[in-house]
Each structure stands twice: as C-alpha cells, then as structure tokens.
Protein chains: 2
Amino acid sequence: MKIYGDSKSGNCLKVKWTADFLGRSYEWIEIDILQGESRTAAYLAINPAGQVPTVILDDGRPLSQSNAIITYLAEGSALIPADAYDRARMTEWMYWEQYSHEPYVAVARFHVKYLGKPVAELEPRLLERGGAALQRMEDGLAGQPFLVGGGVTLADVALVAYTRLAHEGGFSLDLYPAVKAWVARVEAALKIT
Amino acid sequence: MKIYGDSKSGNCLKVKWTADFLGRSYEWIEIDILQGESRTAAYLAINPAGQVPTVILDDGRPLSQSNAIITYLAEGSALIPADAYDRARMTEWMYWEQYSHEPYVAVARFHVKYLGKPVAELEPRLLERGGAALQRMEDGLAGQPFLVGGGVTLADVALVAYTRLAHEGGFSLDLYPAVKAWVARVEAALKIT
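Residues and elements named next belong to chain A. Overall, mixed pairing links the four strands, which are arranged β2-β1-β3-β4 in an open sheet. Only two strands of the sheet have a single neighbouring strand rather than two, namely β2 (27-30) and β4 (62-64). The sheet shows a mean angle of 20° between the axes of neighbouring strands, direction not considered. Pairing analysis gives three bridges linking strand β3 (residues 54-56) to β4, with the strands arranged antiparallel. Bridging from a neighbouring strand, Thr54 pairs with Ser64 of β4. With respect to the sheet, helix α1 (residues 10-22) is in contact with β1 (2-5), β2 and β3, its orientation differing from that of β1 by roughly 160°. Where helix α3 (residues 66-74) meets the sheet, its contacts fall on β3 and β4, and the angle it forms with β4 comes to roughly 120°.

This is the structure we're talking about:
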C-alpha cells in the first residue's frame with residue numbers, strides 16, 4: 001500500500017497511525033500541500049478532489065477521505081466495535097469530526113502555524129466554533145476513558161489528530177481537562193510520539 | 001423509532017428516505033430549525049450538538065449525524081455494497097459529501113431560500129466550491145448509473161439530498177448533464193417525490 005500524505009496534516013497522520021497500529025506495511029509518499037503538490041496533474045489523476053490523504057491499495061486501486069480510509073483498513077479489528085450501536089456512535093463522532101471540528105480546530109491551526117496569521121486576527125467564528133467543538137468533546141468524555149466504549153476506536157483516532165494540536169491554532173486544552181487527559185491516553189494507546 | 005428532523009433539510013430527508021426504502025416504521029417529529037427548535041433545552045438533551053437529524057431508536061438510545069444514522073439503519077441491506085472496496089468508495093463519497101459538498105451546495109440554498117439572500121450577494125466561495133463539487137460528481141458519474149457499482153447505495157442517498165435542490169441555491173444542473181440524469185434515477189430508485 002502507498003499512502004500519499006502531508007505529514008503536517010492530521011488527516012494524513014490518522015491513516016499512518018491506523019496502519020502502524022494494525023501492523024500494515026506501507027510506503028509513505030510525502031505530498032507538500034503548501035508547495036502545491038496536491039494540485040499537480042499527477043496527483044489529481046489519483047485524487048480528482050485534490051485532497052490528501054489518498055492511499056493506493058496493493059491491487060492499485062485508490063481510496064481517499066481519511067475517515068473512509070481508516071474505516072476500510074480497520075475492518076474486523078479492535079479499532080471498530082463489534083456492537084452495532086457502538087459502531088454507529090463511533091461513526092457519528094467521525095462525521096461530526098469532519099463537519100463540526102476539523103473545519104474550525106484544524107483550519108485555525110493551518111492559518112496560524114502555516115500561513116503565519118496571528119491568533120488575534122483569526123475569523124472569530126473559527127475560535128468560537130472550535131471552542132464549542134472542544135467543549136462538546138469535554139462533555140462527551142465525562143466519566144469515560146475513550147469516546148466510545150472502553151477501548152480506543154477510530155473515533156479517537158479521528159478526533160485526536162487535530163485536538164492534540166489545537167494549541168497551535170490558539171486553543172488551550174487547559175480549559176478542557178477531560179479532553180487533555182484523553183489526548184494523552186489516546187497517544188499512549190496508538191503510540192503517537 | 002423516532003426521527004427528529006426538519007423537513008426542509010436534506011440531511012434529515014436522507015434518514016426518512018432510507019427508513020422508507022427499508023420499510024422501517026418511525027414517528028417523524030418536526031423540528032423547525034428556523035424557529036430555534038434545535039436549540040431548546042429539550043432538544044439539546046437528545047443531541048448536545050444542537051443539530052438535526054437525531055433518531056431515538058426503539059430501545060431509547062439516540063443517534064445523530066445523518067450519514068452515521070443511515071449507515072446504521074441500512075446495515076446488511078442492498079443500500080450498502082457487499083464488496084469491501086465498493087463499501088469503502090461509498091463511505092469515501094459520504095465523507096466527501098459532508099466536507100466538500102454540503103457546506104457549499106446546501107449552505108448556498110439555505111442563504112437564498114430560507115434567509116432570502118439574492119444569489120448575487122452570496123459569498124463567491126460558496127458558488128465556486130459548490131460548482132467544483134458538482135463538477136466532481138459529473139466526472140465521477142461518467143459512464144455509470146450510480147456513484148458506486150450498479151445499484152443505488154447510501155452514497156447516492158447522501159449526495160442526492162442537496163444536489164436535487166442545488167438550483168434553489170443558484171446552481172444550474174443543466175451544466176452537469178450526468179448529474180441531472182443521475183438525480184432522476186436516484187429519485188426513481190428511492191421513490192422520492
């Protein structure tokens with residue numbers, strides 16, 4: 001398997017962590033989005049949406065969208081709950097991540113860390129909605145070690161990716177102690193360094 | 001099962017169409033988001049994110065996120081391909097829908113149809129990215145009847161919801177003939193009127 005990804009991108013790292021956790025071998029091909037490498041004709045032939053990550057499976061077929069890729073890779077593993085309702089709650093968190101968390105928490109980080117914008121000049125909406133997303137996680141983690149059930153699942157993989165880097169976009173995890181403790185727990189479970 | 005949804009919302013209708021297609025009985029509880037009904041204390045107790053739709057399953061447990069709900073409801077049915085790669089491509093389209101289609105195509109429609117904004121005053125980004133999403137579908141549908149494989153799947157359910165109403169946000173499906181023909185095909189397959 002080949003993983004085309006930008007190692008600055010949490011979406012790409014989700015795929016790496018999942019493959020590493022499952023002991024799947026792969027070749028990592030670095031695509032620097034800031035250098036326009038996700039918009040070349042060669043890359044668009046692999047992923048017409050021009051987004052990273054994309055994987056090329058061993059049989060040569062492509063697959064994109066980080067959460068779709070990790071779901072495919074983890075099928076039948078402990079990262080996906082066997083119980084249908086738990087599996088549905090995991091999926092619920094993963095869609096919520098892409099719709100209500102990543103567009104604020106990750107985008108704020110991208111503006112600050114990669115485009116050099118001061119936090120004070122960010123669109124207020126990014127900080128407001130990103131903060132609301134972190135609070136939603138804080139509430140969801142009350143009294144439980146992981147987002148769904150007793151062990152680490154793809155919901156944790158998907159959400160830890162940008163949550164652990166939220167401070168780079170101007171958020172303080174000190175305001176969300178359950179989230180902060182969960183980040184450390186997920187990093188340990190996935191061996192993220 | 002109870003479905004809490006706003007019948008103006010494509011995200012909510014996805015759940016209705018899937019339940020209808022599968023012959024699942026349910027009670028529909030209308031939540032008018034324009035009247036703030038998704039932000040009441042009673043609704044937030046069901047869905048802390050304050051988003052529609054949410055379903056309450058027969059055993060009383062809640063589930064949110066339209067694409068997570070329809071995945072749960074359709075497990076084991078013909079709406080989800082048996083082949084693992086086809087299933088992954090379906091999921092890829094569904095995440096793409098929430099990240100790269102709905103935030104433009106559905107949001108443009110919301111501003112025009114429900115907030116009364118003239119199309120000419122929409123943020124240019126909405127029309128530009130919405131148009132790019134429709135073009136991406138046009139390319140993906142070249143020479144095939146549905147988004148994945150030979151039959152209707154959840155990818156079609158998820159993407160038809162706002163694509164069929166794109167004209168209400170200032171897009172013309174006449175520019176995307178394969179998409180236009182696909183909309184009619186999916187409406188027929190799902191018996192959407």
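This part takes up the packing of helix α5 (residues 124-140) of chain A against helix α7 (residues 177-190) of chain A. How two helices pack is summed up by the angle between their axes together with the distance between the axes. Residues and elements named next belong to chain A. Packing of α5 against α7 leaves a shortest axis separation of 8 Å and a crossing angle of 80°. By the angle between their directions, the pair α5 and α7 is classed as roughly perpendicular. Between α5 and α7, the contacting residues are Leu134, Met137 and Glu138 on the first element and Pro177, Ala178, Val179 and Trp182 on the second.

Under the criterion given, the structure shown has seven aromatic pairs over all chains. Centre to centre, the rings of A:Phe110 and A:Tyr114 are 6.0 Å apart; their planes meet at 40°, and the pair counts as tilted. Of this pair, A:Phe110 and A:Tyr114 are both found in helix α4 (residues 84-114), four residues apart, which corresponds to roughly one turn of the helix. Look at A:Phe110 and you get partly exposed, because its relative accessible area is 30%. Taking the centre distance of 5.4 Å and the plane angle of 85° together, the rings of B:Trp93 and B:Trp96 count as edge-to-face. Placement of both B:Trp93 and B:Trp96 in helix α4 (residues 84-114) is noted, with a separation of three residues, approximately one turn of the helix. For the pair formed by B:Trp93 and B:Trp96, the shared burial category is buried.

Conventions we followed
Residues numbered from 1 in each chain as written. Chains lettered and ligands numbered in written order. Predicted model: local features only at pLDDT ≥ 70, side-chain atom pairs only at ≥ 80, totals over all residues. Heavy atoms only, no water. Pairing = 2+ DSSP bridges. Helix = DSSP H or I, 4+ residues; strand = E, 2+ residues; numbered from the N terminus. Axes fitted to C-alpha atoms, helices over the stretch in contact; angles between N-to-C directions. Contact = heavy atoms within 4.5 Å. Parallel < 35°, antiparallel > 145°, perpendicular 65-115°, else oblique. Phe/Tyr/Trp six-rings, centres within 6.5 Å; stacked < 30°, edge-to-face > 60°. Buried < 20%, exposed > 50% of the residue type's maximum accessible area, 1.4 Å probe, protein only.

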